[in-house]
Amino acid sequence: MERSCMTTLCYLETEDSYLMLHRIRKKKDVNKGKWIGVGGHFEEGESPEDCLVREVKEETGLTLTSWRFRGLVTFTQEGYGTEYMCLYTADGFSGTRKDCDEGELAWVKKDGLSRLNLWSGDLIFLELLAREAPFFSLKLRYEGDLLREAVLDGKPLELFEVLDERGEKTGLVKERNCVHRDGDWHGTAHIWIARPRENGWQVLLQLRSRRKDIYPGCFDISSAGHVDAGEDRPGTALRELAEELGIAAQPEDLRFLTLRWGETDQEFSGKRVIDREIAAVYLYTRPVDIGALRLQPEEVERVEWIDLADLRQRVSQGDPSFCVQMDEVEILENALSGNGFGAKD
């Protein structure tokens, strides 16, 4: 009989742990070496619950007595096909645990899951489970082990390439919230827009939308954004200028200044954010008419010019309405005075 494309995946849980299966014994296993929950393919005539109870019993020896259907995960991988996983958690079970012929079973603390060899997409739905998200539909598209697309309830999620401390790619792609939760290094592009005036330079600042999850309602760099997986830094800079401000810049319009390593660990709306960015900093000095800009409302509330000297004063005094860092102001000052920046990106 042809194997069904429908499966169940279950995470048996205690208050602080999940029962995880390290898939190391089965040959020709798409999950080879990964840690996952327990489950498997539907058999003819089975409902999701029939499959759930049978698979848990076969793989663990335990009999489920209480479970919840949490979401539907569409897993697609180049060369493998598509699988539709009915995702469950279970907090009631009886019996004696047995060895599994597909791998090794172990109880793992929930706060230690990200240190295991997991599918990148699993980190997304495990986060949804942790925050008690309502029933969800999550699509995950892979090329080999590399996550290329994640769509939650029909809306694409942001995926970043995890970097090492030198800024080199690690080969791991993770979703934005997971990156900020785990404190992974990742790439961003920062673009300063400046114009000369008789008494010095002015800089364009954006007021971040009050709907932003990080630094809402604060004055920030002219334009900035994360480097998406598969994107380069100059491409990100051009994209962010177009999306946030409606500026159709060309590569030759951008002057690369430097790479900047920045770390913050703060709480926003009760959520801890560990942000480790390696930012490519650019300067844009072509004429800009702010009255003609097309602002992206979900990102930018408004823009305004400020004298560079005033920006330095406000930031150095720790004005809470600004989320600009002093070292980046100094990078900008050095660039506008012609000192030491402007290398090739």
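Before reading further, recall that the structure is shown in the block above.
Residues numbered from 1 in each chain as written. Predicted model: local features only at pLDDT ≥ 70, side-chain atom pairs only at ≥ 80, totals over all residues. Heavy atoms only, no water.

1. Quick notes on the packing of helix H5 (residues 308-316) against helix H6 (residues 326-336)
A pair of packed helices is captured by two measures, namely the crossing angle of their axes and the spacing between those axes. Two elements in contact, H5 and H6, have axes whose closest approach is 10 Å; the angle formed by their N-to-C orientations is 160°. Of the possible angle classes, the one that applies to H5 and H6 is roughly antiparallel. For H5 against H6, the interelement crossing comes out left-handed. Two secondary-structure elements touch here, H5 through Leu308, Leu311, Arg312, Val315 and Ser316 and H6 through Met326, Val329, Glu330, Leu332, Glu333 and Leu336. Split into classes, the residues belonging to the contact of H5 with H6 amount to 7 nonpolar, 1 polar and 3 charged. (Axes fitted to C-alpha atoms, helices over the stretch in contact; angles between N-to-C directions. Helix = DSSP H or I, 4+ residues; strand = E, 2+ residues; numbered from the N terminus. Parallel < 35°, antiparallel > 145°, perpendicular 65-115°, else oblique. Left-handed = near helix turned anticlockwise from the far one by under 90°. Contact = heavy atoms within 4.5 Å. Nonpolar A, V, L, I, M, F, W, Y, C, P; charged D, E, K, R; others polar.)

2. Considering the pairing of strand E2 (residues 17-22)
Working note: regular strand, side chains alternate between the two faces of the sheet. Of all 6 residues that make up E2, 6 are buried, and the element is covered over most of its length. When E2 meets strand E7 (residues 104-109), the two strands line up antiparallel, connected through 6 bridges. Across the sheet, the residue bridging to Leu19 is Trp107, located in E7. Judged from the 2 bridges that link them, E2 and strand E3 (residues 35-36) form a sheet pairing that is antiparallel. Residue His22 lies in a different strand from E3, and its bridge partner there is Trp35. (Buried < 20%, exposed > 50% of the residue type's maximum accessible area, 1.4 Å probe, protein only. Pairing = 2+ DSSP bridges.)

3. What to know about the pattern of salt bridges
Counted by the stated rule, this structure contains 40 salt bridges. Across the salt bridge formed by Glu240 and Arg239, the nearest N and O atoms sit 3.1 Å from each other. Note that Arg314 and Asp319 form a salt bridge whose closest N and O atoms lie 2.6 Å from each other. In the salt-bridge network here, residues are joined through shared partners; they are Glu43, Glu46, Arg54, Glu55 and Glu58. (Salt bridge = Lys/Arg side-chain N within 4 Å of Asp/Glu carboxyl O.)

4. Quick notes on the sheet that holds E3
Judged by pairing direction, the sheet is antiparallel, and its 3 strands sit side by side in the order E3-E2-E7 without closing on themselves. Pairing within the sheet leaves two strands with one partner each, and these edge strands are E3 and E7.

5. Describing the pairing of strand E8 (residues 136-143)
Of the two faces of E8, only the one carrying Phe136, Leu138, Leu140 and Tyr142 is buried; Ser137, Lys139, Arg141 and Glu143 on the other face are not. With 7 bridges connecting them, strand E5 (residues 63-77) and E8 associate as parallel partners. For Thr74, the partnering residue across the bridge sits in E8 and is Lys139. With 6 bridges joining them, E8 and strand E9 (residues 146-152) adopt antiparallel strand pairing.

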